[in-house]
Amino acid sequence: MLEAKHISKTFGDHQVLVDVNLTVKQGDVVVILGPSGSGKTTFLRCLNHLEKANSGQLTLADEKYDLANLNKKQILDIRKKTAFVFQHYNLFANKTALENILEGLVVARKVPKDQALQIAQSALEKVGLLDYKDYYPSQLSGGQQQRIGLARAIAVKPEVILLDEPTSALDPELVGDVLDVMKQLANEGTTMVVVTHEMSFARDVANHVVFMDGGQVVEEGKPDDIFTRPREKRTQQFLARLLSDASYDLEYMI
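Okay, so let's go over this structure. (Residues numbered from 1 in each chain as written. Predicted model: local features only at pLDDT ≥ 70, side-chain atom pairs only at ≥ 80, totals over all residues. Heavy atoms only, no water.)

## Concerning the overall build of the chain
When helices and strands are tallied, the chain shows 10 helices and 10 strands. For 254 residues, the compact-globule formula gives about 18 Å, and the C-alpha radius of gyration of the chain, at 18 Å, lands near that figure. In terms of principal-axis extent, the alpha carbons of the chain reach across some 55 × 45 × 30 Å. Taken across its 254 residues, the chain has 50% of its residues classed as buried. (Helix = DSSP H or I, 4+ residues; strand = E, 2+ residues; numbered from the N terminus. Rg over C-alpha atoms; globule rule 2.2 N^0.38 Å. Buried < 20%, exposed > 50% of the residue type's maximum accessible area, 1.4 Å probe, protein only.)

## A word on the sheet that holds strand E9 (residues 208-213)
The strands that make up a sheet pair up through hydrogen bonds in the backbone, lying either parallel or antiparallel. Taken together, 6 strands build an open sheet; the order of strands is E6-E7-E8-E3-E9-E10 and the sheet is mixed. Every interior strand has two partners, whereas the edge strands, strand E6 (82-85) and strand E10 (216-221), have only one. Along the sheet, successive strands turn relative to each other by an average axial angle of 20 degrees, direction set aside. Inspection of the sheet shows E9 paired to E10 by 5 bridges, in the antiparallel sense. Its bridge partner being in E10, Phe211 is matched across the sheet by Glu219. Here helix H1 (residues 40-47) sits on the sheet and contacts strand E3 (29-33), E6, strand E7 (160-164), strand E8 (192-195) and E9; the angle it forms with E7, its principal contact strand, is near 150 degrees. Along the sheet face, helix H9 (residues 233-242) touches E3, E9 and E10 and points at about 100 degrees away from the line of E9. (Pairing = 2+ DSSP bridges. Axes fitted to C-alpha atoms, helices over the stretch in contact; angles between N-to-C directions. Contact = heavy atoms within 4.5 Å.)

## A look at the environment of Ser138
Of note, Ser138 is situated in the loop between helix H4 (113-126) and helix H5 (142-155). On the basis of relative accessible area, Ser138 is assigned to the exposed category, the value being 72%. For the pair Ser138 and Ala93, spaced 45 residues apart in the sequence, the C-alpha separation amounts to 7.1 Å.

## Some remarks on the pairing of strand E2 (residues 14-24)
Summarising the sheet, strand E1 (residues 2-11) and E2 pair through 7 bridges and their orientation is antiparallel. Paired with Glu3 across the bridge in E2 is Thr23.

## Examining H4
With 14 residues, H4 should reach 20 Å at 1.5 Å per residue; the first-to-last C-alpha distance of 20 Å fits that figure. Buried within H4 are the following residues: Ala116, Ile119, Ala120, Ala123 and Leu124. Down the axis of H4, the sector holding all buried residues measures 135 degrees, keeping them to one side. What points out from H4, more than 90 degrees from its buried face, is the exposed set Asp114, Gln118 and Glu125. Looking at the buried residues of H4, the elements they touch are helix H3 (97-108) and H5. Just beyond H4, the residue with positive phi is Gly128, at close to 75 degrees. (Expected span 1.5 Å × (residues − 1). Arc of directions from axis to C-beta.)

## Some details on the sheet that holds E1
As summarised here, the arrangement of the 4 strands in space is E2-E1-E4-E5, forming an open sheet in which the pairing is antiparallel. The outermost strands of the open sheet, each flanked by one partner alone, are E2 and strand E5 (63-66). In this sheet, adjacent strand axes meet at a mean angle of 15 degrees when their direction is disregarded. The strands touched by H1 within the sheet are E1, E2 and strand E4 (55-60), with E1 carrying the most contacts at an inclination of about 120 degrees. In the packing of helix H2 (residues 72-81) onto the sheet, contacts are made with E4 and E5, and the angle to E5 comes to roughly 125 degrees.

What follows is the structure, encoded as structure tokens:
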């Protein structure tokens, strides 16, 4: 489905990503954890060329790409196979919820408008916001705007959805609705790569967890192994600070 090899990225003299590798199979829900500045978001953005990697290869739906040397056609091809859900929604302020979804279908993918309308309405219904289709972003809560972002991603039927901390900008009481939609997508077999600090989602929904620090993958594995038997000291330290659930042996992790 998706395989990233040897992804490296620098900003000036600062190396943000160092030889990062990731394999995602169809139907996987991969969660990437790590402290701020660990390179999680940059890595996600490199996968669909929102940031240009300095080096690395991407295999997506059996097509191979050199991420440091993409032409316009290849960039478009990658973006047609992926959908990106941003931390801060990135909705068009002058378009309604429905129009925000139609834009990607009609303009970017040239779907006939009648067909696009049906797809967009179905996507809004899936995230529970069909009744809000004529609302503008300013009339919606942060949680509703993020669910519109999810609907926009669903509508284009990508090979994989990339989600960059989709709940971190939300008030705590709004997080649950967004996570519920993500869980529903996971249950339906949607392939997702999610950068998040939501430990419960990582534990209960993901089937593969990656821990990054210093621009590198420090450790990866099944959620149960990462959360209860982390091998690396840095992973143990990170999780010990975040987890207070009595079911975790924090004494062991320290």
